[in-house]
Structure formats: structure tokens, C-alpha cells
Amino acid sequence: MRNISKTLLSLSIATVVMVAACQKKDDGVVSKKALPLSGAQEVPVKTTEASGKVDISYNKSNHMLTYTVSWSMLTGTPTGSHIHGTAPRGMNAGIKHDFFSLFPKTTSGTFTNSVLIDGVAIKEDSLLNGFYYMNIHTAMNPGGEIRGQLEFK
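Rules used throughout
Residues numbered from 1 in each chain as written. Predicted model: local features only at pLDDT ≥ 70, side-chain atom pairs only at ≥ 80, totals over all residues. Heavy atoms only, no water. Helix = DSSP H or I, 4+ residues; strand = E, 2+ residues; numbered from the N terminus. Buried < 20%, exposed > 50% of the residue type's maximum accessible area, 1.4 Å probe, protein only. Contact = heavy atoms within 4.5 Å. Areas by Shrake-Rupley, 256 points an atom, 1.4 Å probe, with all protein chains shown as cover. Phe/Tyr/Trp six-rings, centres within 6.5 Å; stacked < 30°, edge-to-face > 60°. Lys NZ or Arg CZ within 6 Å of the ring centre and 35° of its normal. pLDDT = per-residue confidence, 0-100. Lys, Arg positive; Asp, Glu negative; His and termini not counted. Salt bridge = Lys/Arg side-chain N within 4 Å of Asp/Glu carboxyl O. Polar contact = N/O pair within 3.5 Å; in protein donor to acceptor, adjacent residues only side chain to side chain.

A. Fine view of the overall build of the protein. If you tally the helices and strands in the protein, you get two helices and eight strands. Counting only residues that meet the buried cut, the protein has 35% of its 153 residues in that class. Pairs at least 24 residues apart make up 64% of the contacts formed inside the protein by residues separated by at least 6 positions. Accessible area of the protein: about 8,700 Å², with a carbon and sulfur share of 59%.

B. Here's a closer look at the environment of G80. Relative to the elements of secondary structure, G80 occurs in strand β4 (residues 78-85). In contact with G80, other than residues within four places in its own chain, are F100, N135, I136 and H137.

C. Highlighting the packing of aromatic side chains. Taken as a whole, this structure holds six aromatic pairs when the rule is applied. On the numbers, 4.4 Å between centres and 25 degrees between planes, the contact of W71 with F103 is stacked. Placement of W71 in strand β3 (residues 64-72) and of F103 in the loop between β5 (95-98) and β6 (109-116) is noted, with a sequence separation of 32 residues between them. Judged by its relative accessible area of 2%, F103 is buried. When the ring centre of Y133 is taken as reference, the NZ or CZ atom of R147 above it lies at 3.4 Å.

D. Local environment of the confidence of the model for the protein. Confidence in the prediction for the protein averages 89 pLDDT; 83% of positions are at 70 or higher. pLDDT under 50 marks residues 7-12. Its contacts with residues more than four places away, or in other chains, come to zero contacts.

E. Layout of the side chain of N113. Relative to the assigned elements, N113 resides in strand β6. On the basis of relative accessibility, which here comes to 18%, the residue N113 falls in the buried class. Beyond its immediate chain neighbours, meaning those up to four positions away, N113 contacts L65, T66, Y67, H97, F99 and L102.

F. Focus on the side chain of K46. You can see K46 is positioned in the loop between β1 (29-38) and β2 (51-59). Of the buried charged residues, K46 lacks a salt bridge, with E42 as the closest side chain of opposite charge at 5.1 Å. Only 3.0 Å separates the side chain of K46 from the backbone oxygen of P44, close enough to count as a polar contact. If near-sequence neighbours (up to four positions away) are discounted, K46 is found in contact with G39, A40, N141, G144 and E145.

G. Just unusual backbone geometry, in detail. Cis rather than trans, the peptide bond between V43 and P44 has omega equal to 0 degrees. Structurally, P44 can be placed in the loop between β1 and β2. In this model, G85 is joined to T86 through a cis peptide bond whose omega is -10 degrees. With respect to the helices and strands, the residue T86 is situated in the loop between β4 and β5. Even without being a glycine, A34 presents a positive backbone phi close to 60 degrees. In this fold, A34 is placed in strand β1.

And the structure:
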């Protein structure tokens with residue numbers, strides 16, 4: 001009886017190890033670094049020396065989008081900063097996440113924040129397919145001075 005128990009225990013452990021080895025590791029997080037922000041992505045295109053980048057990370061388990069945006073050489077202090085959607089490159093859309101009240105009012109800087117992807121304001125499938133963008137507005141460019149599409153591909 002004792003040998004049977006040991007054999008069953010060994011088989012159980014071997015099965016767990018084999019199943020774990022065959023499973024693909026997926027922690028449910030997708031991310032992209034250094035997505036560009038530029039006047040060329042604004043609609044209409046803006047001529048500006050300003051530029052920026054955004055790092056994004058989306059956790060599919062808790063539905064949190066975390067972003068860090070860096071910018072430099074804006075024509076003036078920011079007058080708005082948001083995530084807009086749904087729109088592919090070359091098209092405009094309404095504001096879905098306004099983070100301007102927290103955003104530094106500086107011509108160059110870095111800002112980190114998170115937003116819950118609630119399926120209402122921002123939808124997961126549209127986010128993962130690149131249909132949202134971030135931009136920064138200034139007095140000289142009230143429609144947006146620099147823009148970057150939030151793309152995971």
C-alpha cells in the first residue's frame with residue numbers, strides 16, 4: 001500500500017510539472033515603450049519643435065492602463081492633456097480620459113498616471129487595436145500641439 005501511495009504521489013508530481021512546462025507564460029500585461037508624440041500626428045498637422053514619447057502598459061487582469069508621457073519644447077505651457085478615442089491615425093475623436101488637472105504646466109517634463117479601462121469611456125478591444133491617442137494642447141495650438149497613437153503592435 002505504501003509503494004502504491006508513493007507511486008501515485010510521484011505520478012501526480014510528474015503530471016503537474018509536465019502541465020506547467022507545457023503552458024505558455026502569460027501574465028496578462030502588454031506594453032510598448034517610446035511611442036512618439038509629434039506635431040506631424042496632429043490633425044491637421046502642426047509645425048512645431050515640440051516632441052515627446054509615451055510608455056504604456058495595460059494589465060488585462062485588473063484593466064489598468066498605466067502611462068508615462070515625456071515632452072519637450074512645447075510652444076507654451078500646456079492648456080490640456082488627454083486620451084482621445086476612438087480614432088485611427090489621421091482622424092480626431094472626443095476626450096475619453098482627461099488628466100490635465102494633474103499634468104505639470106511646464107514646456108518640458110514627465111508625467112505618470114493610470115486609468116481604469118472600464119469598457120464604457122475606454123474599451124479594451126479598441127485600446128488593444130490602437131484606436132486611442134494622447135495629445136497635449138497649448139495656447140498656440142488649442143486643438144493639440146503633439147499627439148501620439150497608443151498602439152501595442
